[in-house]
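Below are the chains, spelled out letter by letter.
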Amino acid sequence: RISGAIPFSAGWKAERRGTTRLNLHSPAASRVLLLSFIAVVGACYCQTISDCLTEDSIDYAHSIVKGTVTDLLHPHHLLYNPLLAIVVRATPAKEGLGAIACLQYLNLLVSIVGVYLMWVLLRQIEIPKHLALCCTAGFAFGHGFWAYSSQIEVYNWAGVFILATSIAWVHEEKTQGPSAFL
């Protein structure tokens, strides 16, 4: 129990003897818990940034940093290489280890956005908060997603795109009704 000195707000509930307690079911408390979870995920991901890149990561980094226009147009990653080449060229670290670190941290940031989007999707399809948090944690700390978050890889970017389009689709289904092609 917390003494009554804490201000009364949406996340706090009054009890009989003038004390207050945190209401974990309030929207404010849910946002704080989600942001705390995202911060923990981000901190864990930051701890696994490595100098040891996969062979694909080295190839992507080389084509992004040093590549010509034809190197950037990979048949399986039409947007990934050109988009990251624009980002790297806009930063002070245009080549070398600085550019690789920029690419890694950008991939890490996109991965954290993916974790958040997974939470949003699960809540949008009305999964209870505690189960959505467990599923999101499994997704975030699963080997594949976590390993690719610290590399220079395209997979998490594609996953974020799929999550974003799934959220848009579910929203459309909820507001407009079932699609004709389903």
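Residues numbered from 1 in each chain as written. Predicted model: local features only at pLDDT ≥ 70, side-chain atom pairs only at ≥ 80, totals over all residues. Heavy atoms only, no water.

Caption draft 1: Quick peek at the overall build of the protein chain. When helices and strands are counted, the protein chain shows eight helices and two strands. Beginning at the N terminus, the succession of helices and strands in the protein chain can be written as β-β-α-α-α-α-α-α-α-α. Classification of the 182 residues of the protein chain by burial places 35% in the buried group. Across the protein chain, every contact between residues at least 6 apart in sequence was considered, and the portion connecting residues at least 24 apart equals 59%. Summed over its atoms, the accessible surface of the protein chain is roughly 11,200 Å², and 68% of this surface lies on carbon and sulfur atoms. (Helix = DSSP H or I, 4+ residues; strand = E, 2+ residues; numbered from the N terminus. Buried < 20%, exposed > 50% of the residue type's maximum accessible area, 1.4 Å probe, protein only. Contact = heavy atoms within 4.5 Å. Areas by Shrake-Rupley, 256 points an atom, 1.4 Å probe, with all protein chains shown as cover.)

Caption draft 2: Spatial organisation of the packing of helix α1 (residues 27–47) against helix α5 (residues 97–124). Two numbers describe how α1 lies on α5: the axes approach to 10 Å, and their chain directions differ by 150°. Judged by the sense of rotation from one axis to the other, the crossing of α1 with α5 is right-handed. Across the interface between the two elements, Leu-34, Phe-37, Ile-38, Val-41, Gly-42, Tyr-45 and Cys-46 from α1 touch Tyr-105, Leu-108, Ser-111, Ile-112, Val-115, Tyr-116 and Trp-119 from α5. Its residues placed into classes, the contact of α1 with α5 shows twelve nonpolar, two polar and no charged. (Axes fitted to C-alpha atoms, helices over the stretch in contact; angles between N-to-C directions. Left-handed = near helix turned anticlockwise from the far one by under 90°. Nonpolar A, V, L, I, M, F, W, Y, C, P; charged D, E, K, R; others polar.)

Caption draft 3: Region of interest: the environment of Ile-152. If you trace the backbone, Ile-152 turns up in the loop between α7 (143–149) and α8 (155–176). A sequence separation of 94 residues divides Ile-152 from Ile-58, and the C-alpha atoms of the two residues are 7.6 Å apart. Contacts of Ile-152, omitting those with residues within four sequence positions, involve Leu-53, Ser-57, Tyr-60, Ala-61, Tyr-80, Ile-100, Leu-103 and Gln-104.

Caption draft 4: Seen up close, the state of the cysteines. Under the defined criterion, the tally for this structure stands at zero disulfides. Cys-46 forms no disulfide, and the closest cysteine sulfur to it belongs to Cys-44, at a distance of 9.4 Å. For Cys-46, a relative accessible area of 33% corresponds to the partly exposed category. (Disulfide = S-S within 2.5 Å.)

Caption draft 5: Broad picture of a negative patch on the surface. A cluster of acidic residues, Glu-55, Asp-56, Asp-59 and Asp-71, forms a negative patch on the protein surface. At three residues, helix α2 (residues 55–65) tops the list of elements feeding residues into the negative patch. Among the secondary structure elements, Asp-59 is positioned in helix α2. (Patch = residues over 30% accessible without salt bridge, like charges linked within 9 Å, V, L, I, M, F, W, Y side chains within 5 Å. Salt bridge = Lys/Arg side-chain N within 4 Å of Asp/Glu carboxyl O. Lys, Arg positive; Asp, Glu negative; His and termini not counted. Charge placed at Lys NZ, Arg CZ, Asp CG, Glu CD.)

Caption draft 6: Up close: unusual backbone geometry. A positive phi angle, near 65°, is found at Glu-126, a position not held by glycine. Residue position: Glu-126 is located in the loop between α5 and α6 (129–141). Residue Glu-126 is classed as exposed on the basis of its relative accessible area of 59%.

Caption draft 7: Expanded view of the confidence of the model for the protein chain. Put simply, the protein chain has an average pLDDT of 82, and 85% of its residues get 70 or more. For the protein chain, the element scoring lowest by mean pLDDT is strand β1 (residues 12–14), at 50; α6 scores highest, at 93. Low pLDDT (under 50) marks residues 1–6, which in the prediction has eleven contacts with non-local residues, meaning those over four places away or in another chain. (pLDDT = per-residue confidence, 0-100.)

Caption draft 8: Here's a closer look at the packing of aromatic side chains. One pass over the structure, following the stated rule, counts seven aromatic pairs. Arranged with centres 5.8 Å apart and planes meeting at 40°, the rings of Tyr-45 and Trp-146 form a pair that is tilted. Pair noted here: Tyr-45 is in helix α1 and Trp-146 is in helix α7, with a separation of 101 residues, a long-range link. An angle of 70° between the planes, with centres 5.8 Å apart, marks the rings of Tyr-60 and Tyr-80 as edge-to-face. Here the residue Tyr-60 occupies a position in helix α2, and Tyr-80 occupies one in helix α4 (residues 80–90), the gap between them amounting to 20 residues. Neither Tyr-60 nor Tyr-80 differs from the other in exposure class; each is buried. Through pairs of rings, three or more aromatic residues link up here, namely Phe-37, Tyr-45, Phe-141 and Trp-146. (Phe/Tyr/Trp six-rings, centres within 6.5 Å; stacked < 30°, edge-to-face > 60°.)

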